[in-house]
Amino acid sequence: MPPKYKMRCHYDVLGVNRDADDAELKRAYRKLALEWHPDKNAHRQEEAEERFKEVRGAYETLSDPNERAWYDSHREAILKAGKHAAGGEDMRPEDEIDLMPYFTSNAFRGFGDDPGGFYRTYETLFAALDKQEQAASLAAGKDHYKASPAFGASDAPWTRVKSFYAHWALFATMKTFAWADEYNLAEAQNRKVRRLMDEENKKLRRAEAREFNDTVRQLIAFIRKRDKRFIAHSAEQAKLEKARAAAAERKRMAAKKAKAEAASAYVEADWAQAEAPEWLTREIEKEEEAKARKEAQKQDLYCPVCKKKFKSQKQWENHEQSKQHKAAVQRLKEQIMEDEEVVKAALEDEDSEGES
């Protein structure tokens, strides 16, 4: 059963138009976050916590280009609790799980393992989804359906968390969506009409299946972005990658130093001590410079923001100038600075109030 709460449009929560740009979203978020921060609303603590959570959840979705695009295309369905069937909103079976209410931070209370918390809420939801898929598999005559790994609690090991997300990221439903049929084949006047009816019904079923698959995968992305276990693992991996890069740099510098020491200790043979022709010296120097540039280009061709490696300097330069990379860098900067700015502004307000 989906969580019960009053769904509000994310744009209405922030008080902005649907075409608001990133700067407008950020200004609206900062203003409302300061207004509803629980530390500044001791006289209405419970209300402030709910409003602050709602404001932050709306901003998290709208500030992410991918989540915002998906939200915009499904906004009406989300606000109407997912009633958007091709065969009519009353045609859905009673046991059909409505996923739309789970696309908001209001779907859970905190990140604990208690009932209503993040982990219990989505554990229950995906267990129910998996049960329906197993039933659909058996109904389709499949002997075996690979059950989904459990979502797990807040302290679940990374291997379980990883296997859960891997399973649902490639999700493809086994449901038939026969309820989406628009035509009753028994009413066909002849074989040709029956065939046309059947083809149209199949189109509607495929459309519902695609929409359902897309919704499940998008929900997985929504959950993963907020899963503290996934966030902690990503931070740990980034730290390890940084340590590996530092170790590789130390190794490179040590090899360079050893090469320089070996070169300084080298004693040329008598026949080689004679001064080489000027043209030969220039050619040797050019080769050495080219070799040094090539070796330097092989180092540090890794983008820690996008977590990508590159084989050539040209690939790295193209990536560095790409919109995707710049957007990722900007999002990372904003994520780091947002909470700091909110807290800093709140502290400054408190200091000014104390001085007055």
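Look up a bit, the structure's there.
Just so we're clear, the structure is a prediction, and the values are computed from it rather than from any experiment.

Parameters and conventions
- Residues numbered from 1 in each chain as written.
- Predicted model: local features only at pLDDT ≥ 70, side-chain atom pairs only at ≥ 80, totals over all residues.
- Heavy atoms only, no water.
- Axes fitted to C-alpha atoms, helices over the stretch in contact; angles between N-to-C directions.
- Helix = DSSP H or I, 4+ residues; strand = E, 2+ residues; numbered from the N terminus.
- Parallel < 35°, antiparallel > 145°, perpendicular 65-115°, else oblique.
- Left-handed = near helix turned anticlockwise from the far one by under 90°.
- Contact = heavy atoms within 4.5 Å.
- Nonpolar A, V, L, I, M, F, W, Y, C, P; charged D, E, K, R; others polar.
- Core = buried A, V, L, I, M, F, W, Y, C linked by side-chain atoms within 4.5 Å.
- Buried < 20%, exposed > 50% of the residue type's maximum accessible area, 1.4 Å probe, protein only.
- Phe/Tyr/Trp six-rings, centres within 6.5 Å; stacked < 30°, edge-to-face > 60°.
- Lys NZ or Arg CZ within 6 Å of the ring centre and 35° of its normal.

S.K.: Go over the packing of helix α5 (residues 118-139) against helix α6 (residues 158-169), please, and point to the residues and values.
M.R.: At their nearest, the axes of α5 and α6 sit 13 Å apart, and the two run at 50° to each other. In terms of orientation, α5 and α6 fall into the oblique class. α6 is crossed by α5, and the crossing has left-handed handedness. Side by side, α5 and α6 meet where Phe126, Leu129 and Asp130 of the first sit next to Phe164, His167 and Trp168 of the second. Across the contact of α5 with α6, the residue classes tally to 4 nonpolar, 1 polar and 1 charged.

S.K.: Tell me what's going on with the nonpolar core, and back it up with residues and numbers.
M.R.: Core analysis: the biggest nonpolar cluster contains 54 residues, and Leu14, Tyr122, Leu125, Phe126, Leu219 and Ile223 have the highest contact counts within it. The set of elements that each furnish at least two residues to this core consists of α1 (10-14), α2 (22-36), α3 (45-62), α4 (65-79), α5, α6 and α7 (191-226). Of the residues forming this core, the biggest block, 8 residues, is contributed by α7. Ignoring anything within four residues of it in the chain, the contact list for Leu219 reads Leu99, Tyr102, Phe103, Tyr122, Leu125 and Phe126. Core analysis: the second largest hydrophobic core is formed by 5 residues, Cys306, Phe310, Trp316 and Ala328 among them.

S.K.: Please set out the packing of aromatic side chains residue by residue, giving values where relevant.
M.R.: A ring pair, where both rings are aromatic, is described by two values, the distance of the centres and the angle of the planes. Considering all chains together, one arrives at 24 aromatic pairs under this definition. Note on Phe118 and Tyr122: the rings are 5.2 Å apart at their centroids and 65° apart in plane angle, and the pair reads as edge-to-face. Of the two residues, Phe118 and Tyr122 are both situated in helix α5; the distance of 4 residues between them amounts to about one turn of the helix. When sorted by exposure, Phe118 lands in the same class as Tyr122, which is buried. Measuring from ring centre to ring centre gives 5.2 Å for Trp168 and Phe171, while their planes differ by 35°; the resulting arrangement is tilted. Of the two residues, Trp168 and Phe171, neither departs from the other in class, the shared state being buried. Sitting above the plane of the Phe108 ring, Lys53 keeps its charged end 5.0 Å from the centroid. The aromatic ring of Phe230 is capped on one face by Arg224, whose charged end is 5.8 Å from the ring centroid.

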